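One-letter residues, chain by chain:
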Amino acid sequence: MKDETRVNHPPAIELPDDNYPLNLPIFQNVKWETETVLEGERIARGERPGFFYSRLSNPSVRQLELMLAQLQRRDECMVTASGVNAVAQTLIGLTRAGDHVVFFTEGYGPTRQIIRGMLARFGVTHSMLSIDDLAGLERTLSTRKTRLVWFESPTNPINKIADIEAITRLARAHGALTAIDNTAAGFHQHGEFDIDLFVHSLTKFATGAGDVMGGAVIARRELIDQLRSDFRLFGAHLDALSASIMVRGLKTYFVRYRQQSASAQTVAEFLEHHPACTRVRYPGLASQPKAELARRQMREFGSVICFDLVAGYEAGRKFTESLQLFARTPSFGSTESLAMPPQMMQPKDFSPEDLALSSIGPGTVRLSIGLEDIEDLKADLTQALETIHP
Ligand SMILES: Cc1ncc(COP(=O)(O)O)c(C=O)c1O
């Protein structure tokens, strides 16, 4: 064999049957070969286990999918290159021209844009309601045959709690599927409810490090099988390296989520008593309108706190620029604390009526609490609030 040939056919490494690595090695590999053409064809058709081409499946990616399905207590999972991609592909994969989708004003902006823009272009209609409007939901489902009810809890950005039992019961009674974007609640919550599909941005809590992007849809096998061929044709698969970084990140997920929730509770209680702040929204606060519902539905309440600065829009700029420990950036769930000023919170696609329904005010700020020392975080917030409320 000439060296030019050798470098394209590196030596095989045989692993003894009784000697395993503790972590699954990263399958940084696109193509798999089989001894016979027939076996390759059977793998590609899904008739036997094995791998064929990494856009279809990859062991590192598959390990992450199985882990997420187990955490969320469902049969199957497909991961994708970003959370927004999981949202878009799930919405597109489940609907066809003439279908009707219900979603909620308080939810994530790009999801709204996909439903109101992209799906509408393909003849899918929609109704947008407030997540608090259960009577409106019942009226809509009774008068319009609905394919899908899409919701979040807690909602991003405003941290409202959806009544999951009521929403899923109404949807089921009227023959509609339910999908929850469960990103803020995490992978371990809400699995006991009668929800058909769970969608996640993996970019937040999977690693907490803000180093990789990804998304997931998790559901019973029949629904994932329905979505799979479209997902594969869109080609927005997660790569093996990102998947293995996420599998590693999930090892510390519970410790991070619980500590961040405990710190967020302390910060929310601190802000609630600060004269510069009003309408502090954190599901764990006893003062919340849906505190009892939140306690029934959730074990931990997450890292996100939303509140309004009494001093309004411009004060939000000064407040967030004065923070030393909070990065001024979107996203949440990372080990560093983050702050979104009102300038980043105003949805561009809302009418004044939509905006009023969304509960986003001119001074609304969103914080995500990380793993820093809680006294350091409170001291930083105190000094920044003093700059606008001496
Ligand atoms: C609730 C929610 N869903 C989906 C997404 C989209 O995720 P990604 O940024 O991974 O595309 C986000 C991102 O902020 C989000 O907050």
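Predicted model, so just to flag it, every value in this text is computed and none were measured. Along each chain, numbering runs from 1 in the same order as the chain's sequence is written. Selection of residues for local features in this predicted model requires a pLDDT of at least 70, selection of side-chain atom pairs for listing and counting requires 80 or more, and totals for whole chains, interfaces and linings are taken over all residues. Neither water nor hydrogens contribute to the side-chain values; these are computed over all heavy atoms in the structure.

*Asks:* Account for a nonpolar patch on the surface, naming residues and giving values.
*Replies:* Patch rule: a residue counts if its relative accessible area is over 30% and it has no salt bridge; like charges are joined within 9 Å, and nonpolar side chains (Val, Leu, Ile, Met, Phe, Trp, Tyr) within 5 Å. Residue-level accessible areas treat just the shown protein chains as cover; the underlying method is Shrake-Rupley with a 1.4 Å probe. Basic side-chain nitrogens of Lys or Arg form a salt bridge, by our definition, when they fall within 4 Å of a carboxyl oxygen of Asp or Glu. Residues Val-30, Phe-52 and Tyr-53 make up a contiguous nonpolar surface patch of roughly 250 Å² in combined accessible area. The residue Val-30 is located in the loop between helix 1 (3–6) and helix 2 (37–44) in this model. Secondary structure elements are defined from DSSP: runs of H or I of at least 4 residues count as helices, runs of E of at least 2 residues count as strands, and each element is numbered from the N terminus.

*Asks:* Please give an account of the nonpolar core that cites residues and values.
*Replies:* By nonpolar core is meant a set of buried Ala, Val, Leu, Ile, Met, Phe, Trp, Tyr and Cys residues that side-chain atoms within 4.5 Å join together. When a residue's accessible area, from a 1.4 Å probe over protein chains only, is under 20% of the maximum for its type it is buried; when over 50% it is exposed; and in between it is partly exposed. Counting residues in hydrophobic clusters, the biggest one holds 43 residues, and the most contacted among them are Leu-64 and Leu-68. Bear in mind that the domain bounds are from an automatic or database domain assignment. A domain-level breakdown of this core finds at least three residues from each of domain 1 (37–250) and domain 2 (253–388). Sequence-distant contacts of Leu-64, defined by excluding residues within four places in its chain, comprise Val-79, Leu-202, Leu-238, Ala-243, Met-246, Val-247 and Leu-250. By size, the runner-up hydrophobic cluster in this structure holds 32 residues, among which are Ala-264, Leu-285, Ile-305 and Leu-377. Contact definition: two residues touch when any of their heavy atoms are within 4.5 Å.

*Asks:* How would you sum up the domain arrangement of the protein chain? Please name residues and give values.
*Replies:* Many structure descriptions define interface size as the accessible area lost when the parts assemble. Splitting the protein chain by domain gives domain 1 (37–250) and domain 2 (253–388). Taking the mean C-alpha position of each, domain 1 and domain 2 sit 26 Å from one another. On the side of domain 2, 37 residues touch domain 1, which itself brings 39 residues to the contact. We define buried area as the total accessible area lost by two parts upon association, computed with a 1.4 Å probe and summed across both. Here domain 1 packs against domain 2, burying approximately 3,200 Å² in sum over the two surfaces, 55% of which is carbon and sulfur. Where domain 1 touches domain 2, the interface holds 4 salt bridges. A salt bridge links Asp-349 to Arg-116, with the shortest nitrogen-to-oxygen separation between them at 3.2 Å. As used in this structure description, the phrase polar contact means that two N or O atoms lie within 3.5 Å; if the pair is within protein, one of them must be able to donate a hydrogen and the other to accept it, and residues adjacent in sequence are counted only when both atoms belong to side chains. There are 23 residue pairs in polar contact (both at pLDDT 80 or more) connecting domain 1 and domain 2. Here the element with the most residues in the side of domain 1 that touches domain 2 is helix 5 (residues 109–121); it accounts for 3 residues.

*Asks:* Could you give an account of the site of the ligand, with specific residues and numbers?
*Replies:* Residues are classed as near a molecule or strand on a simple rule: at least one heavy atom within 4 Å of it. The immediate surroundings of the ligand are formed by 13 residues, with Asn-156, Asp-181, Ser-201, Thr-203 and Lys-204 found nearest. Here Asn-156 contributes a side-chain N or O atom positioned 2.7 Å from an oxygen atom of the ligand. Measuring from a nitrogen atom of the ligand, one finds a side-chain N or O atom of Asp-181 at 2.6 Å. Bound to the protein, the ligand loses 90% of the 390 Å² it would expose on its own. In this count, Pro and Cys sit with the nonpolar residues alongside Ala, Val, Leu, Ile, Met, Phe, Trp and Tyr, while Asp, Glu, Lys and Arg are called charged and the others, Gly among them, polar. In terms of residue class, the shell around the ligand is made up of 4 nonpolar, 7 polar and 2 charged.

*Asks:* Mind laying out the sheet that holds strand 5 (residues 177–181), listing which residues take part and the relevant values?
*Replies:* DSSP-based pairing: two strands are paired if at least 2 bridges between them are found. Reading across from one edge, 1-7-6-5-4-2-3 is the order of the 7 strands in this open sheet, with mixed pairing throughout. Only two strands of the sheet have a single partner each, and these edge strands are strand 1 (76–80) and strand 3 (125–129). Adjacent strand axes in the sheet meet at a mean angle of 20° when their direction is disregarded. Pairing geometry for strand 6 (residues 197–201) and strand 7 (residues 215–219), over 5 bridges, is antiparallel. When the sheet's bridge partners are listed, Ser-201 is paired in strand 7 with Gly-215. Note on geometry: axes are lines fitted to C-alpha atoms, helical ones only across the stretch in contact, with angles between N-to-C directions running from 0 to 180 degrees. Seen against the sheet, helix 3 (residues 59–71) touches strand 1 and strand 7 and runs at an angle of roughly 130° to strand 1.

*Asks:* A description of the sheet that holds strand 8 (residues 277–281) should follow, citing residues and the corresponding values.
*Replies:* With mixed pairing, the 5 strands of this open sheet are ordered in space as 8-9-12-11-10. The open sheet has two edge strands, strand 8 and strand 10 (327–328), and neither has a second partner. Summarising the sheet, strand 10 and strand 11 (residues 338–340) pair through 2 bridges and their orientation is parallel. Paired with Ala-327 across the two strands is Leu-338, which belongs to strand 11.

*Asks:* Kindly report on the packing of helix 4 (residues 83–94) against helix 8 (residues 221–234), identifying the contributing residues and their values.
*Replies:* Running from N to C, helix 4 and helix 8 point in directions that differ by 115°, and their axes come no closer than 9 Å. In this structure, helix 4 meets helix 8 at a crossing whose hand is right-handed. Here Ala-86, Gln-89, Thr-90, Ile-92, Gly-93 and Leu-94 of helix 4 come into contact with helix 8, specifically with Leu-223, Leu-227, Asp-230, Phe-231 and Phe-234. Residues that form the contact of helix 4 with helix 8 fall into these classes: 7 nonpolar, 3 polar and 1 charged. Throughout, a crossing is termed right-handed when the near helix is turned clockwise from the far one, and left-handed when it is turned anticlockwise from it by less than a right angle.

*Asks:* Describe the side chain of Ser-322, naming the residues involved and giving the relevant values.
*Replies:* Its place among the elements puts Ser-322 in helix 12 (residues 313–322). Of the residues examined, Ser-322 reaches a relative accessible area of 14% and is grouped as buried.

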